[in-house]
Amino acid sequence: MAARSLFLFLRRANTISSNGSIKNCFSFLQPCCTNASLVWLKSLSSEAVSTEALDESAGSSERKINNDDLKSRIFRLRLPKKSATNVLQNWVNEGNRISISDLRHISKELRKSHRYKHALEVSEWMVSRDEFKLSDSDYAVRIDLMTKVFGIDAAERYFEGLPDDAKTNETYTALLHSYAGAKLTDKAEELYGRIRDSGLSFHVITYNEMMTLYMSVGQVEKVSSVVEELKRQKIAPDLFTYNLWVSSCAATLDIDGVRSILDQMIQDPSSNEDWARYRNLVNIYVTAGKLENSAHHSLVEAEKGITQREWITYDFLIMLHAGLGNKDRVDQIWKSLRMTGQKMTSRNYMCILSSYLILGHMKEVGEVVGQWKQYTASVFDYSICDKLMDALAEAGLAETAETFRTLLRQKES
């Protein structure tokens, strides 16, 4: 299994490959990002395709009946080889106006639909027009998209070629995101050094990128140093920051460290209902899972395949999204885990059960109990369920614990 998929699931959706591993297929923004954060790009098409002029001129009567706005025209280009550039130019030639906000919206929708080449063409057309003034966000978009299409080297050259006033926190972070995605630790650290020396004001996502990278390559001991730098810069951590930090401690069985971070979260003025739910889940996980401090804070490897670091980080990723109330994301991670073919532990089941219980989704709780009972590689453990109920009650969720107890009895009848 690619370890990177454990941590970038905050921003990436996962698919299952033919051999049962989880791999990344696309990026999406963290909720903590600014509007100008990372998006997508695809390759440019500089040549006009002769058939497309016909495509755009033909069927005009049909367009009068159907939607004939610019976005609809571009989305009718089914094949990547067809040029969005031609559509844009034809639209202008017909006497229509295009605003930069229109182009940004169309580009965003294209990226959502994985229409990367056309999104890039829209971006390139926007760049080529003197009447449009590009924002930092536009530059950041292009860097991330160039990575997807042309590779890291192209994105790097584009960044270095930007004027100094365009090398902002957003464009720096976009390139850092590209390095982190490719696990280019040396390049990321070099750029991170430039970021710290730049004197610019950076957003928390920049530091989250470095923490994510260190977790993905197994250098969990470096996560705390990024947190310290974030604090020195007086940048407020978000829930993603805390989850990465907590995960780095849990992965090395530094349980005292986990509890210390949870205490800091309580004191954080940004703490809200989501954070409280997340803290409850982590406390339940540590208590019911009987996680204890390791004297050497060293990683314990599984027999083969997924390491303990990876399993624990997946668990914490589930708890993160449960804390945020993102049930769909919890469902997706759990489905991905079950499809890996790797041996799951009772702790994994306890994690997903506690998440669904706290979110109040009892139907899913019942489904997971049924899955566990049918799972031949891990015997259903009533003692774990008892520990989970005790931990729920200890967290002030006695009613939830009793509901779970009732459900287990029903499953036995």
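We now turn to the structure provided with this report.

Applying the stated criterion to the full structure yields 11 aromatic pairs. Look at Trp372 and Phe380: their rings are 4.8 Å apart centre to centre, the planes differ by 65 degrees, and that puts the pair in the edge-to-face class. Relative accessible area serves as the criterion here: at 0%, Trp372 is assigned to the buried category. On the basis of relative accessibility, which here comes to 13%, the residue Phe380 falls in the buried class. Ring centres of Phe380 and Tyr382 lie 4.7 Å apart, and the angle between their planes is 85 degrees; this geometry places the pair in the edge-to-face category. These aromatic residues form a ring-pair network of at least three members: Trp334, Tyr349, Trp372, Tyr375, Phe380 and Tyr382. A cation over a ring is seen here: Lys71 above Phe75, with NZ or CZ 5.8 Å from the ring centre. When the ring centre of Phe380 is taken as origin, the NZ or CZ atom of Lys373, which lies over that ring, is 5.2 Å away.

Counted at 1.5 Å a residue, the expected span for helix α11 (residues 185-197) with its 13 residues is 18 Å, and the 18 Å between its end C-alpha atoms agrees. Along α11, the positions that sit buried rather than exposed are Thr185, Ala188, Leu191, Tyr192, Gly193 and Ile195. Gly199 lies just past α11 and shows a positive phi near 80 degrees.

Packed helix pairs are specified by the crossing angle of their axes together with the interaxial distance, meaning the distance between the axes. At their nearest, the axes of helix α12 (residues 204-216) and helix α13 (residues 223-232) sit 9 Å apart, and the two run at 170 degrees to each other. Compared by their axis directions, α12 and α13 come out roughly antiparallel. Contacts from Val204, Tyr207, Met210, Met211, Tyr214 and Met215 in α12 reach Val223, Val226, Val227, Glu229 and Leu230 in α13. When its residues are assigned to classes, the contact of α12 with α13 shows 10 nonpolar, no polar and one charged.

Turning our attention to the nonpolar core. In a soluble, globular protein the nonpolar side chains are often hidden away together inside. Ile74, Tyr278, Val282, Phe316 and Phe404 are the most contacted members of the largest nonpolar core, which totals 114 residues. Setting aside chain neighbours within four positions, we find Ile74 in contact with Ala84, Val87, Leu88, Ile106, Leu110, Arg115 and Val122.

Before going further, it helps to examine the pattern of salt bridges. A side chain of one charge can pair with a side chain of the opposite charge if their charged atoms are brought near each other. Within this structure, the stated rule accounts for 20 salt bridges. Members of the salt-bridge network, linked through shared partners, are Asp68, Arg73, Arg76 and Glu94.

The next subject is the packing of helix α15 (residues 255-267) against helix α16 (residues 273-288). Direction vectors running N to C along α15 and α16 enclose 160 degrees, while the axes themselves pass 11 Å from each other. By the angle between their axes, α15 is roughly antiparallel relative to α16. Crossing handedness for the pair α15 and α16: left-handed. In this structure, α15 contributes Ile255, Val258, Arg259, Leu262, Met265 and Ile266 to the contact, and α16 contributes Trp275, Tyr278, Arg279, Val282, Asn283, Val286 and Thr287. Here the residues of the contact of α15 with α16 sort into nine nonpolar, two polar and two charged.

By the secondary structure assignment, Glu209 is in helix α12. Taking the C-alpha atoms as reference points, Glu209 and Ala188, separated by 21 residues in sequence, lie 9.4 Å from one another.

Here Thr171 lies in helix α10 (residues 169-181). A sequence separation of 32 residues divides Thr171 from Tyr139, and the C-alpha atoms of the two residues are 6.3 Å apart. Not counting residues within four places of it along the chain, the set of residues in contact with Thr171 comprises Asp136, Tyr139, Ala140, Ile143, Phe159, Leu162 and Ala166. Within the structure, Thr171 has its side chain in polar contact with the backbone oxygen of Ala166 (distance 2.9 Å).

Here is what the cut-offs are and how they apply
Residues numbered from 1 in each chain as written. Predicted model: local features only at pLDDT ≥ 70, side-chain atom pairs only at ≥ 80, totals over all residues. Heavy atoms only, no water. Phe/Tyr/Trp six-rings, centres within 6.5 Å; stacked < 30°, edge-to-face > 60°. Buried < 20%, exposed > 50% of the residue type's maximum accessible area, 1.4 Å probe, protein only. Lys NZ or Arg CZ within 6 Å of the ring centre and 35° of its normal. Helix = DSSP H or I, 4+ residues; strand = E, 2+ residues; numbered from the N terminus. Expected span 1.5 Å × (residues − 1). Axes fitted to C-alpha atoms, helices over the stretch in contact; angles between N-to-C directions. Parallel < 35°, antiparallel > 145°, perpendicular 65-115°, else oblique. Contact = heavy atoms within 4.5 Å. Nonpolar A, V, L, I, M, F, W, Y, C, P; charged D, E, K, R; others polar. Core = buried A, V, L, I, M, F, W, Y, C linked by side-chain atoms within 4.5 Å. Salt bridge = Lys/Arg side-chain N within 4 Å of Asp/Glu carboxyl O. Left-handed = near helix turned anticlockwise from the far one by under 90°. Polar contact = N/O pair within 3.5 Å; in protein donor to acceptor, adjacent residues only side chain to side chain.

That is the geometry; function is a separate question.
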